[in-house]
Amino acid sequence: MNQFQNLIHDCLIDTRHVEHAAVLVAKTASIAAATTRFNMSPQHAQMFADTFKHLMSTREHGFYFLERLYTCVRADKNSIYSKCEGHGLLLVKTTLYIIVATYNDNMHPSVCVEAVEKLAQYLRAKGK
């Protein structure tokens, strides 16, 4: 297990309020680590990286992921929160990485947000 796999598991999955998570390299949109059974293609990774370049469009139109239209709840230069029915998808950007996390209708969105933002804050403090 690499360092990001450990961080994903220890900081996000162990909260039991993050269903799936991944860490992307922001510059290349490559997947550095992801939870098992998180079906993220390279095209999805690129789309997530591009959402930060097109915040207005993301706010207005949302985006499709795994055949669901996610509507934007919040979008700024560091964080994009979106939802689709009882499910949610968060994108949080650091200097070098983008953290992707999902939650389902049995989880508390606020706990998911807090866990992902704390991990992002930790990576920012490390200059990553």
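See the structure above.
Residues numbered from 1 in each chain as written. Predicted model: local features only at pLDDT ≥ 70, side-chain atom pairs only at ≥ 80, totals over all residues. Heavy atoms only, no water.

Caption draft 1: Local environment of the overall build of the chain. Each helix and strand counted, the chain has four helices and seven strands in total. Secondary structure elements in the chain, listed N-terminal to C-terminal, are α-β-β-α-α-β-β-β-β-β-α. Against the compact-globule benchmark of 14 Å for 128 residues, the chain has a radius of gyration of 13 Å, which places it among compact chains. The buried share of the chain, reckoned over its 128 residues, is 45%. For the chain, contacts bridging at least 24 residues in sequence account for 44% of all contacts bridging at least 6. (Helix = DSSP H or I, 4+ residues; strand = E, 2+ residues; numbered from the N terminus. Rg over C-alpha atoms; globule rule 2.2 N^0.38 Å. Buried < 20%, exposed > 50% of the residue type's maximum accessible area, 1.4 Å probe, protein only. Contact = heavy atoms within 4.5 Å.)

Caption draft 2: The arrangement of the pairing of strand β7 (residues 97-103) in detail. Burial analysis of β7 places seven of its seven residues in the buried class, the great majority of the element. Judged by which residues are buried, β7 turns out to be covered on both faces: Tyr 97, Ile 99, Ala 101 and Tyr 103 on one side and Ile 98, Val 100 and Thr 102 on the other are all buried. Relative to β7, strand β1 (residues 20-25) runs antiparallel, the two being bridged by six bridges. Across the sheet, residue Ala 21 finds its bridge partner in β7, namely Ala 101. Relative to β7, strand β6 (residues 87-93) is paired through six bridges, and the arrangement is antiparallel. Looking at β7, one finds that Gly 88 is bridged to Tyr 103. (Pairing = 2+ DSSP bridges.)

Caption draft 3: How the structure looks around the sheet that holds strand β2 (residues 30-34). With antiparallel pairing, seven strands are arranged side by side in an open sheet as β2-β1-β7-β6-β5-β4-β3. The open sheet has two edge strands, β2 and β3 (63-65), and neither has a second partner. Taking each pair of neighbouring strands and ignoring which way they run, the sheet shows an average axis angle of 30 degrees. Bridge count between strand β5 (residues 79-84) and β6: six bridges; the pairing is antiparallel. Along β6, the bridge assignment pairs Ser 82 with Leu 89. Along the sheet face, helix α2 (residues 42-51) touches β1, β2, β3, β5, β6 and β7 and points at about 155 degrees away from the line of β3. The strands that helix α4 (residues 109-125) touches are β5, β6 and β7; relative to β7, the one it contacts most, it runs at about 165 degrees. (Axes fitted to C-alpha atoms, helices over the stretch in contact; angles between N-to-C directions.)

Caption draft 4: How the structure looks around the pattern of salt bridges. Going through the model one piece at a time under the given rule, you end up with three salt bridges. The partner of Lys 53 in a salt bridge is Asp 50, with the nearest N and O atoms 3.6 Å apart. Given a relative accessible area of 61%, Lys 53 falls into the exposed group. You can call Asp 50 partly exposed: its relative accessible area is 24%. The salt bridge involving Asp 76 is made with Arg 74; its shortest N-O contact spans 2.6 Å. Residue Asp 76 is classed as partly exposed on the basis of its relative accessible area, which comes to 23%. (Salt bridge = Lys/Arg side-chain N within 4 Å of Asp/Glu carboxyl O.)

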